[in-house]
Amino acid sequence: MNMKLKMALALSCVFVGAVGFSAYPMNGKTSNIPKLNLPQIGEEINIQNVSFDTAIANEDQDAIVYRCVPCDAAEVRSKISDLTGSDVENVEDFPSATRISDTESIGFDEVTGRWFYRTDIDFTETASVPDDETSIQIAYEYIKQHDLYPVSELGEPQIGTVTTGDELLGEEKIIRKNVTYYPLIDGRPVYGQFKIKIGIGDRGKVVAVDKFATEVEAVSSVATKEASNIQNSILEDDNCLISTESTGSDVTITDTAIGYYADVESPFIQPVFVLEGEFENQEELTILVDAQE
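It should be emphasised that the depicted structure is a prediction, and the values quoted were computed from it without experimental measurement.

Scoring rules and cut-offs
- Residues numbered from 1 in each chain as written.
- Predicted model: local features only at pLDDT ≥ 70, side-chain atom pairs only at ≥ 80, totals over all residues.
- Heavy atoms only, no water.
- Pairing = 2+ DSSP bridges.
- Helix = DSSP H or I, 4+ residues; strand = E, 2+ residues; numbered from the N terminus.
- Contact = heavy atoms within 4.5 Å.
- Axes fitted to C-alpha atoms, helices over the stretch in contact; angles between N-to-C directions.
- Buried < 20%, exposed > 50% of the residue type's maximum accessible area, 1.4 Å probe, protein only.

**Student:** Sorry, what's going on with the sheet that holds strand 3 (residues 98-99) here?
**Tutor:** Strand pairing in a sheet relies on backbone hydrogen bonds. The paired strands run either parallel or antiparallel. With antiparallel pairing, 7 strands are arranged side by side in an open sheet as 3-4-5-10-9-7-6. The open sheet is flanked by strand 3 and strand 6 (157-164), the only strands paired with a single partner. Where helix 2 (residues 73-84) meets the sheet, it contacts strand 4 (104-108) and strand 5 (115-119), and its direction lies at approximately 160° from that of strand 4. Sitting on the sheet, helix 3 (residues 132-145) is in contact with strand 6, strand 7 (173-181), strand 9 (196-200) and strand 10 (206-211), with an inclination near 45° to strand 7.

**Student:** How should unusual backbone geometry be read in this particular structure?
**Tutor:** Negative phi characterises most residues that are not glycine, and trans characterises most peptide bonds. Residues other than glycine seldom take positive phi values, yet R203 does so here, at roughly 55°. Counting through the fold element by element, R203 comes out in the loop between strand 9 and strand 10. Phi angles above zero are rare outside glycine, and D237 is one such case at about 50°. Checked against the element boundaries, D237 lands in the loop between helix 4 (227-235) and strand 12 (240-244).

**Student:** Just checking my understanding: could you explain the environment of D132 for this structure?
**Tutor:** Here D132 is to be found in helix 3. By relative accessible area, D132 is classed as partly exposed at 36%. Put simply, D132 and G160 are 28 residues apart on the chain and 9.4 Å apart in space, counted from C-alpha to C-alpha.

The following block contains the structure:
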């Protein structure tokens, strides 16, 4: 698994502070786009030196800011109700959940249209979960049938499993599979929460849905950092996110690109520098740095 995918998966449950639509102008270049707050995960890494062995992508240029297109809340509520068979008229919590039964929860953001449906996991159950290929097909057809996202833009699926039992004793059993798609924006990866995830349970039943990827629109542009400011962000641990299984003090950046970060509580999807590099011991790391100057 490559570092970019590992980071996307590592951030799949991270929620940051909320921002509303109305306070920000929605066209042209503006300085009023809210500051991106990247989450801090894992152990602190004390990086002392950063050097670049490559040119900085988009250095000191403008990058586009996107936002989720505001939804028709009544229409989305009706769709959720049809899909889940539940009354969601009073569901207002997001990204936290509202219990709608003893075993079911729903969250709905009536501004962006992001929503999720979850059934509790019963670790005592004996489930017959389809194989990976069948699970992917079920998820794909579910997304297509219910128009959750344009299927031509879904990208490649990733499979995760929920298990019960002791693997060492040979008693591990799969009780759920999660099929997750991470759509791109403008051909670039989106970190944080921009995904469609379908949970597949016993005999192929859909038991969970995360609809966190929605229609987006370009709303503004921001000036991006130059190399020295990127270095300072890393050295000062200022609004950057480091994903690695190693540690060290000296880092050489070997590849750079512009990507995006989606905070599930904010309508804005903002540009980040995606920096691939290595420590002095050749162990790899990926760093996200807020691209806005």
